[in-house]
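# Survey of secondary and tertiary structure
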Amino acid sequence: MSLWLSILTLTLMAALVCFFPLLKKNVQKPSVQRDTLNKAFYFERLKEIERDEKQGLLENAEQLKVELQQSLLEDIPQQAAEQINEGKNYGKLWFVSGLLALGIIAVPAYFSVGAWQTEIMLEKSVEKLPHFFERMQTEETNPLSESEMQQFATALRLDLQKDPNNAKNWWLLGQIGLNLDKPQMSLDSFARANKLDPKNNLYKLAYARILMFSEDTTDKLKGSNLLREVIREDHTNIDALSLLAFSYFETEDYKMAAVTWAMMLKLLPKDDQRVPVIERSIRSARDALDAQEQEKRQQITPSEEK
């Protein structure tokens, strides 16, 4: 309904802008040439009457003068009225014709190249937002397809335009951005969620993670600081400890990486599926540490043979 109202409103506005002058009363004055000829004819005829009167050829000279004056006065208003009415009638006709022509051209043009289909799709995406929230409950057994995630992201964007202070939806949009391989969208969304709810460690950790995987040194430092804030507030946060251990391993601080992974083992149940992975990570960190120390000893010990 709103689509048709928009089309009608825009068409009327365009018609008024283009054709409004046609509705204005166009009072056209008698042409200067016609007026001049009438006056010249009047004075010429007046001279003839006066000349004939002097010669005694006319008995009703005064009556002829009055009739001549009336003829001159009646000619101009009649001509002006005809021109006004004619211009007014043609103006209305042209306005209606122009409006119809504009509507005939505008409607097919809009339906052929306009964005009406996109608008309808966007409206349907917003209506499906509750459906996507329900689908998230079965994400582990029935993951969303790429097409569904695209629609979910679109619906969230439109909903966030109406409610930009919804931190949870910003966080969800960031998660979808990761799945769709759109890091900039994830970065912006996580940053917005963290800004709206800075005490939420879930949002802070998501923002820290994407910053630490950035190639920019400033982003890495900011992410590391956010990660340490999370760990100070929650020493048992497995995800935060895992990210911290990976950060240590990436910067070749293998000792702290092994220590951090060992802390995680103490916090996890023995039957947790992550235990074997963490144990392998600890062995890799210790092997890398041994190789690193051996390389340092070789650099310190002078070569016996020269």
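Analysis parameters
- Residues numbered from 1 in each chain as written.
- Predicted model: local features only at pLDDT ≥ 70, side-chain atom pairs only at ≥ 80, totals over all residues.
- Heavy atoms only, no water.
- UniProt positions renumbered as here; feature names shortened; annotations may be inferred.
- Axes fitted to C-alpha atoms, helices over the stretch in contact; angles between N-to-C directions.
- Helix = DSSP H or I, 4+ residues; strand = E, 2+ residues; numbered from the N terminus.
- Parallel < 35°, antiparallel > 145°, perpendicular 65-115°, else oblique.
- Left-handed = near helix turned anticlockwise from the far one by under 90°.
- Contact = heavy atoms within 4.5 Å.
- Nonpolar A, V, L, I, M, F, W, Y, C, P; charged D, E, K, R; others polar.
- Phe/Tyr/Trp six-rings, centres within 6.5 Å; stacked < 30°, edge-to-face > 60°.
- Salt bridge = Lys/Arg side-chain N within 4 Å of Asp/Glu carboxyl O.
- Buried < 20%, exposed > 50% of the residue type's maximum accessible area, 1.4 Å probe, protein only.
- Core = buried A, V, L, I, M, F, W, Y, C linked by side-chain atoms within 4.5 Å.
- Polar contact = N/O pair within 3.5 Å; in protein donor to acceptor, adjacent residues only side chain to side chain.

The protein carries the name C-type cytochrome biogenesis protein CcmI in an unreviewed UniProt entry, which gives Aggregatibacter aphrophilus as its organism. Within the UniProt record for the protein, the comment given under Subcellular location (unreviewed entry) is "Cell envelope".

### Brief notes about the packing of helix α7 (residues 167-179) against helix α8 (residues 183-196)
Closest axis-to-axis distance for the α7/α8 pair is 8 Å, and the angle between their directions is 160°. Considering their axes alone, α7 and α8 lie roughly antiparallel with respect to each other. Relative to α8, α7 is oriented so that their crossing is left-handed. The residues of α8 that touch α7, namely those facing A167, W170, W171, L173, G174, Q175, I176, G177 and L178, are M185, S186, S189, F190, R192, A193 and L196. Grouping the constituent residues of the contact of α7 with α8 by class yields ten nonpolar, five polar and one charged.

### With respect to the packing of aromatic side chains
Any pair of aromatic rings gets described here by the distance separating the centres and the angle formed by the planes. All chains considered together, the criterion is met by six aromatic pairs. Feature note: the residues F132, F133 and F152 constitute an aromatic cluster, connected by ring pairs.

### Examining the pattern of salt bridges
Counted by the stated rule, this structure contains four salt bridges. Between E148 and R135 there is a salt bridge, with the nearest N and O atoms lying 3.1 Å from each other. Of this pair, E148 sits in helix α6 (residues 146-162) while R135 is found in helix α5 (residues 129-136), placing the two residues 13 residues apart along the sequence. Residue E148 is classed as partly exposed on the basis of its relative accessible area, which comes to 21%. Within this structure, K204, E229 and E233 form a network of salt bridges that share partners.

### Some remarks on the nonpolar core
Side chains of nonpolar character tend, in soluble globular proteins, to be buried together. Formed by 47 residues in total, the largest nonpolar core has its most connected members in F152, L156, W171, L173, I176, L227 and W261. Broken down by element, the residue count for this core peaks at eight residues, all from helix α9 (residues 201-212). Residues in contact with W261, not counting those within four places in the same chain, are A245, F246, F249, I278, S281, I282 and A285.

### What about unusual backbone geometry?
Phi at D181 is positive, roughly 60°, even though this residue is not glycine. Mapped onto the fold, D181 is located in the loop between α7 and α8. A relative accessible area of 65% means that D181 is categorised as exposed. You will see that E252, though not glycine, has its phi angle at about 65°, which is positive. What makes E252 partly exposed here is its relative accessible area of 48%.

### Topic: the side chain of R135
Look at R135 and you get buried, because its relative accessible area is 10%. Engagement of the side chain of R135 in a polar contact is seen with the backbone oxygen of P143, the distance being 3.5 Å. At 3.1 Å, the side chain of R135 and the side chain of E148 are in polar contact. The contact partners of R135, leaving out residues within four places of it in the chain, are N142, P143, L144 and E148.

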